[in-house]
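Remarks on the overall topology
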Amino acid sequence: MNQKVVLITGCSSGIGLSLAARIAKDEKKRFMVYATMRNLNKAEPLIEAAGRTLGRTLEIKKLDVCDEDSIKACVDSLPERRVDILISNAGMGLIGPIECQSIDEMKTVMDTNFFGLVRLLKEILPDMKKRKKGHIVVISSVMGIQGILFNDVYAASKFAVEGFCESLAIQALRFNLNISLIEPGPVLTEFERKVYEEGLKIDLSKADKATADMFTNVYLKNYSQIFETLGQSPDDIAEHTLKIITMENPPFRHQTNTLYTPMTTLKYADPNGDLPIDTFYKMVFEHDKVFNASLNFLKLLRWRSRKSFTLEKDKSN
Ligand SMILES: NC(=O)C1=CN([C@@H]2O[C@H](COP(=O)(O)OP(=O)(O)OC[C@H]3O[C@@H](n4cnc5c(N)ncnc54)[C@H](OP(=O)(O)O)[C@@H]3O)[C@@H](O)[C@H]2O)C=CC1
Ligand SMILES: CC1=C(/C=C/C(C)=C/C=C/C(C)=C/C=O)C(C)(C)CCC1
């Protein structure tokens, strides 16, 4: 059987876990999944989700994207070091005023979200080029296209990922390789919980009162509601990603949440760059009424898009 080898990072929870289980359970058994995580003590939820695929179409391996030796050891352990599809998923968030964040905290985000991808590719890309075959799939974010209030460093890390991939994609074409950026909006995972809990713990005394109030009373106050309204499940992201890896000509960018697309499109509608910033500003600060009305509108759209996604899935079966 000519199975494609898929290596996924960050499979201890969230999107990585859903992706690994979903791809391993592919009805046509088209994939052999190496689901990796930095701490194998956290493997239990994946073992449970993998069920009977464990040891058949799914194997769990250790890989820390911040450690080159760990990446090399993992790739060396694969038959012929072959990776047909790399899914770079491991990542972390960071919210809050920059006055309250240390440079070390910021570096950890860049090291994981951006250099983590770079380290993976330095190990895997040369073999893909030799074979003239391969698909690099990166779990980016809508924040790889557009910054969001109090996500300055996280957005910077995803912009870095997107700039890096845009440059590399041109070279990759010469070697018949595909690169795809998956751009989810909010997804209900450990990410959301960790980021929110860390947000509540921030010592806001280093920020001025107006900034501290904005973070507490605008951002944190609305955070859970935004995720509940706009949030997708990690299984949704897994379905979208499975579609992308089975396409003959996969797109370079794929947004998983159609509700978010109008916001990201504003960027391309105004070369001056003011339109998305003004719109976000108005949405957040100018009138609570507009904000609440938009939330209600989003709830309605979400219901409709859920329906259409289900229909699309039905059609493809
Ligand atoms: N949730 C969201 O709203 C969105 C998330 N994303 C992106 O999706 C990806 C997955 O996040 P999500 O599933 O939501 O969050 P989770 O926190 O549930 O999962 C993150 C995963 O990354 C792993 N990880 C962190 N650092 C490293 C490292 N150094 N080496 C290997 N693995 C590591 C975590 O492992 P451990 O358990 O050991 O910490 C965990 O398995 C991230 O890239 C994130 O930026 C994009 C858009 C929206
Ligand atoms: C909470 C909140 C907002 C939106 C937050 C969003 C949309 C977060 C998205 C997070 C993602 C996509 C994370 C992973 O990549 C607004 C609208 C700024 C208004 C103020 C409060």
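These numbers come from a predicted model, not from an experiment.

Our next topic: the packing of helix 3 (residues 68-76) against helix 4 (residues 103-131). For the pair helix 3 and helix 4, the least separation of the axes is 10 Å and the interaxial angle reads 35°. Considering the relative orientation of helix 3 and helix 4, their crossing is right-handed. Where helix 3 approaches helix 4, its residues Glu68, Ile71, Lys72 and Val75 are matched on the opposing element by Arg119, Leu120, Glu123 and Ile124. Each residue belonging to the contact of helix 3 with helix 4 can be placed in one class, and the counts come to four nonpolar, no polar and four charged.

Let's shift gears to the side chain of Gln101. Tracing the backbone shows Gln101 in the loop between strand 4 (85-88) and helix 4. Given a relative accessible area of 11%, Gln101 falls into the buried group. In this structure the side chain of Gln101 is engaged in a polar contact, spanning 3.4 Å, whose partner is the backbone oxygen of Gly96. If sequence neighbours within four positions are ignored, Gln101 has contacts with Leu94, Ile95, Gly96, Met106 and Val153.

Attention shifts here to the sheet that holds strand 6 (residues 178-183). What the seven strands build is an open sheet, ordered 3-2-1-4-5-6-7; its pairing is parallel. Unpaired on one side and paired on the other, strand 3 (58-62) and strand 7 (253-255) mark the two borders of the sheet. Across the sheet, the mean angle from the axis of one strand to that of its neighbour is 20°, orientation sign disregarded. Relative to strand 6, strand 5 (residues 135-139) is paired through five bridges, and the arrangement is parallel. Bridge assignment links Val138 to a residue of strand 6, and that residue is Leu181. Each of strand 2 (31-37), strand 4, strand 5, strand 6 and strand 7 touches helix 8 (residues 234-245); the most contacted strand, strand 5, lies at about 160° to it.

What counts and what doesn't
Residues numbered from 1 in each chain as written. Chains lettered and ligands numbered in written order. Predicted model: local features only at pLDDT ≥ 70, side-chain atom pairs only at ≥ 80, totals over all residues. Heavy atoms only, no water. Axes fitted to C-alpha atoms, helices over the stretch in contact; angles between N-to-C directions. Helix = DSSP H or I, 4+ residues; strand = E, 2+ residues; numbered from the N terminus. Left-handed = near helix turned anticlockwise from the far one by under 90°. Contact = heavy atoms within 4.5 Å. Nonpolar A, V, L, I, M, F, W, Y, C, P; charged D, E, K, R; others polar. Buried < 20%, exposed > 50% of the residue type's maximum accessible area, 1.4 Å probe, protein only. Polar contact = N/O pair within 3.5 Å; in protein donor to acceptor, adjacent residues only side chain to side chain. Pairing = 2+ DSSP bridges.

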